[in-house]
Amino acid sequence: MSLQRNNLYLIGLMGSGKTTIGRMLARRLGRRFLDSDHEIEHRTGVKIPVIFELEGEAGFRRREAQTIADISQENDIVLATGGGVVLDPTNRKLLSETGWVVYLDVPTHVLFERTRHDTNRPLLKVANPQGKLNALRAERDPLYREIADIVIDGSRSNSNAAVMKILKEWKIYGMGNTPHKLDVALGERTYPIHIGRGLLSQTDLILPRLKGKRVAVVSNTVVAPLYMTSFCEELRKAGVTVTEIVLPDGEEFKNWETLNRIFDELLSNRCERSTTIIALGGGVIGDMAGFAAATYQRGVPFIQVPTTLLSQVDSSVGGKTAINHPLGKNMLGAFYQPQLVLIDIDTLKTLPDRELKAGLAEVIKYGLLRDRPFLEWIEANLDKLLARDADALITAVERSCQIKAQIVAADETEQGERALLNLGHTFGHAIETGLGYGVWLHGEAVAAGSMMAADLSARLGMITAADVARVRTIFERAGLPTIGPALGIARYLELMHHDKKVADGKLRLILLKQIGTAIVRDDVPLKDLEAAITACVEH
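Residue indices follow the written sequence of each chain, beginning from 1 at its first position. In view of the model being predicted, local features appear only for residues whose pLDDT reaches at least 70, and side-chain atom pairs are presented and counted only at 80 or more, with totals across whole chains, interfaces and linings using the full set of residues. Only hydrogens and water are removed before side-chain values are computed, so all heavy atoms of the structure are retained for them.

S.K.: Is there a simple way to think about the overall build of the chain in this case?
M.R.: Here a helix means four or more residues in a row that DSSP labels H or I, a strand means two or more in a row labelled E, and each is numbered from the N terminus. Secondary structure assignment for the chain yields 20 helices and 16 strands. In terms of overall dimensions, the chain is globule-like: its C-alpha atoms have a radius of gyration of 25 Å, near the 24 Å expected for 539 residues. Principal axes of the C-alpha set define a box for the chain whose edges measure 80 × 60 × 40 Å. Between buried and exposed lies partly exposed: a residue is buried under 20% and exposed over 50% of the maximum accessible area for its type, with that area taken using a 1.4 Å probe on protein chains only. Counting only residues that meet the buried cut, the chain has 58% of its 539 residues in that class. A sequence separation of at least 24 residues applies to 76% of the contacts in the chain between residues at least 6 apart. If you sum the accessible surface of the chain, you get close to 21600 Å²; carbon and sulfur atoms cover 49% of it. All tallies of charge rest on Lys and Arg as positive and Asp and Glu as negative; His and the ends of each chain are not included. Where a charge sits is defined by one atom per residue type, namely NZ (Lys), CZ (Arg), CG (Asp) or CD (Glu). The chain carries 65 positive and 66 negative side-chain charges, and their two centres are separated by 4 Å. Within these notes, the globule rule equals 2.2 Å times the number of residues to the 0.38 power, and the radius of gyration is based on C-alpha atoms. The contact rule is simple, with two residues in contact once any of their heavy atoms fall within 4.5 Å. Residue exposure ignores everything except the shown protein chains as possible cover, and the areas themselves are Shrake-Rupley values with a 1.4 Å probe.

S.K.: Help me understand the packing of helix α13 (residues 353-370) against helix α14 (residues 372-386), please; the structure alone is not making it clear to me.
M.R.: Between two packed helices, both the angle of their axes relative to each other and the distance between the axes serve to describe the pair. At a closest axis distance of 7 Å, the pairing of α13 and α14 adopts a crossing angle of 160 degrees. It follows that α13 is roughly antiparallel to α14 by the angle criterion. By crossing handedness, the relation of α13 to α14 is classed as left-handed. Where α13 abuts α14, its residues Leu356, Lys357, Leu360, Val363, Ile364, Tyr366, Gly367, Leu368 and Arg370 lie against Arg372, Phe374, Leu375, Ile378, Leu382, Leu385 and Leu386. The classification used treats Ala, Val, Leu, Ile, Met, Phe, Trp, Tyr, Cys and Pro as nonpolar, Asp, Glu, Lys and Arg as charged, and all other residues, Gly among them, as polar. Residue composition of the contact of α13 with α14, by class: 12 nonpolar, one polar and three charged. Geometry is summarised by axes, namely lines fitted to C-alpha atoms with helices restricted to the contacting stretch, and by angles between N-to-C directions that run from 0 to 180 degrees. Each angle is binned into one of four classes, with values under 35 degrees roughly parallel, values over 145 roughly antiparallel, values of 65 to 115 roughly perpendicular, and all other values oblique. Handedness of each helix crossing follows the sense of rotation of the near helix against the far helix: counterclockwise by less than a right angle gives left-handed, clockwise gives right-handed.

S.K.: Is there a simple way to think about the sheet that holds strand β4 (residues 99-105) in this case?
M.R.: Sheet strands pair by backbone hydrogen bonding; their relative direction is either parallel or antiparallel. Spatially, the five strands line up as an open sheet ordered β2-β3-β1-β4-β5, and their pairing is parallel. One side of each edge strand has no neighbouring strand; the edge strands of this open sheet are β2 (32-35) and β5 (150-153). Adjacent strand axes in the sheet meet at a mean angle of 20 degrees, parallel and antiparallel pairs treated alike. Bridging between β4 and β5 involves four bridges; their strand directions are parallel. Bridged to Leu104 within β5 is Ile152. Across the sheet, helix α1 (residues 18-29) is in contact with β1 (7-11), β2, β3 (77-80) and β4; its angle to β1 comes to roughly 160 degrees. Sitting on the sheet, helix α6 (residues 129-147) is in contact with β1, β4 and β5, with an inclination near 145 degrees to β4. Between any two strands, pairing holds if DSSP finds at least two bridges.

S.K.: How should helix α3 (residues 48-71) be read in this particular structure?
M.R.: Owing to its 3.6 residues per turn, the α-helix aligns residues three or four sequence positions apart on the same side. Here α3 contains 24 residues, and its C-alpha end-to-end distance of 18 Å is more than 12% below the 34 Å for a straight helix at 1.5 Å per residue. Along its length, α3 reaches its greatest deviation from straightness, about 115 degrees, at Glu55. Of the residues making up α3, those classed as buried are Ile48, Pro49, Ile51, Phe52, Gly59, Phe60, Arg61, Glu64, Ala65, Thr67, Ile68 and Ile71. To estimate the expected span of a helix, subtract one from its residue number and multiply by 1.5 Å. Axes are fitted to the seven residues ending at a residue and to the seven starting at it; the angle between these axes is taken as the bend at that residue.

S.K.: Sorry if this is basic, but what is going on with the side chain of Asp528 here?
M.R.: Relative to the elements of secondary structure, Asp528 occurs in helix α20 (residues 526-535). A distance of 3.4 Å separates polar atoms of two side chains, one belonging to Asp528 and the other to Lys527. Apart from residues lying up to four places away in sequence, Asp528 is in contact with Leu456, Arg459 and Leu460. Polar contact criterion, stated in full: a pair of N or O atoms within 3.5 Å, where within protein one must be able to donate a hydrogen and the other to accept it, and residues adjacent in sequence count only if both atoms are side-chain atoms.

S.K.: I keep staring at the packing of aromatic side chains and nothing clicks. Help me out?
M.R.: Aromatic ring pairs are defined here through the distance separating the ring centres and the angle between the ring planes. Aromatic rings from Phe, Tyr and Trp, taking only the six-membered ring of Trp, are treated as a pair when their centres fall within 6.5 Å; an angle between ring planes under 30 degrees marks them as stacked, one over 60 as edge-to-face, and anything in between as tilted. Following the criterion strictly, the structure yields four aromatic pairs and no others. Residues Tyr103 and Tyr144 carry aromatic rings whose centres are separated by 4.8 Å and whose planes lie at 35 degrees to one another, so their mutual orientation is tilted. Of this pair, Tyr103 sits in strand β4 while Tyr144 sits in helix α6, placing them 41 residues apart in sequence. Residue classification places Tyr144 among the buried residues on the basis of a relative accessible area of 0%. Ring geometry for Trp256 against Phe291: centres 6.1 Å apart, planes inclined by 50 degrees, an arrangement best described as tilted. Of this pair, Trp256 sits in helix α10 (residues 256-268) while Phe291 is found in helix α11 (residues 283-295), placing the two residues 35 residues apart along the sequence.

And the structure:
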């Protein structure tokens, strides 16, 4: 499984110059160049027109989809795609998730001049080829733009100018460290997740997502001294009016009183419905700023700029916003999706070691519940992650966000599948509430809670003792707790029954059917639940 997004893909209509520019880019980058049409011809042993003649366009598209599926598993390539590759949603998803996509946009009259004498274009063998090009553009242009990271004017005859433009755009994010873009697919409310280095200064990613030219940036007393001034200055340079709101730091301040401080500042500064609230900080700031956005004047736009590993891989994606109540964590809130999630990996350089390890708990969680190959990758690269290797962190954040985005798109308001993301959380929330918010970090509680879930899964015969040992080992290697505090069995059960996943009085637990696959169970015998908790807490 490829977890790197290192490939460079060129898309566009026939005659847009994808092959010519692709070869030039491959030479400049020292990469292997591939052309999807040539790959299909190599595999079949016949030319594209012959495939169209024998199998029709549908047959060709099937062969094209298989070729794209195979090529997308490679790394560090430059690929020129066929003009119709974007017609298949699976192709679009693969290209977007495994590479950086460049759309060569060329007017149809230029394309006609370039292709009018080319006899190797089956789709143009019609009475009115220019009209056909116009129809193809109308159909495909929106799809090209949907997955493109950048759009390049390919109408000029100087291909070198296009190559230099592409390299310049790519260099913004660092050569060899390509920008990563994912989408949380929610229809008209679909929004992008940008992952990379140096993104806090990239206002060009933020400005298109603003409803007006005014924002309120919410941060805390730890993050604000590090990033608030420079971040807000970049926005002001772009003509944006900025209101700065700085809150106290810590889970213990995730409450009504602190939330009201946000409202006080918004009202005092006469922020309107067109004001976008930007959360600059970790999960607490993201949750509170998002809840404020969901409720201020019945809803204002919202952007997430997470600065901790935990918030980057979990709380910033998916639209859950909330504050805590003394009787339960995140009990008061709303589902409210952001306009954008901007993840700058460089902010992890200033993250305390304990916070980094807490974030790794959520990364490990994704491998356990959904993606065994990803868990294997984490095991092999854990030392790099702990050492804050940028490439390893980008890979971990991207794959975590991919998994969460897929689940959120399928079940936005947690009516079913999304509950799986709470592996270890029912136990973990009990730990956080029982000890008092802020004593244990959220990721620490999730790690210990995941051990309880693994132990219980083994008691129910779903995973083996060796699987439980494997889970324990990876959390221990990450420097995370695998034993919960001694709250007492009765107290654990009391707190767990305040969990949001309780339905009809039944405790619904996320357990492991196998490593890499989680399920929801509401039929766990009390004796097994008590035994699992007893085995995984301090004595």
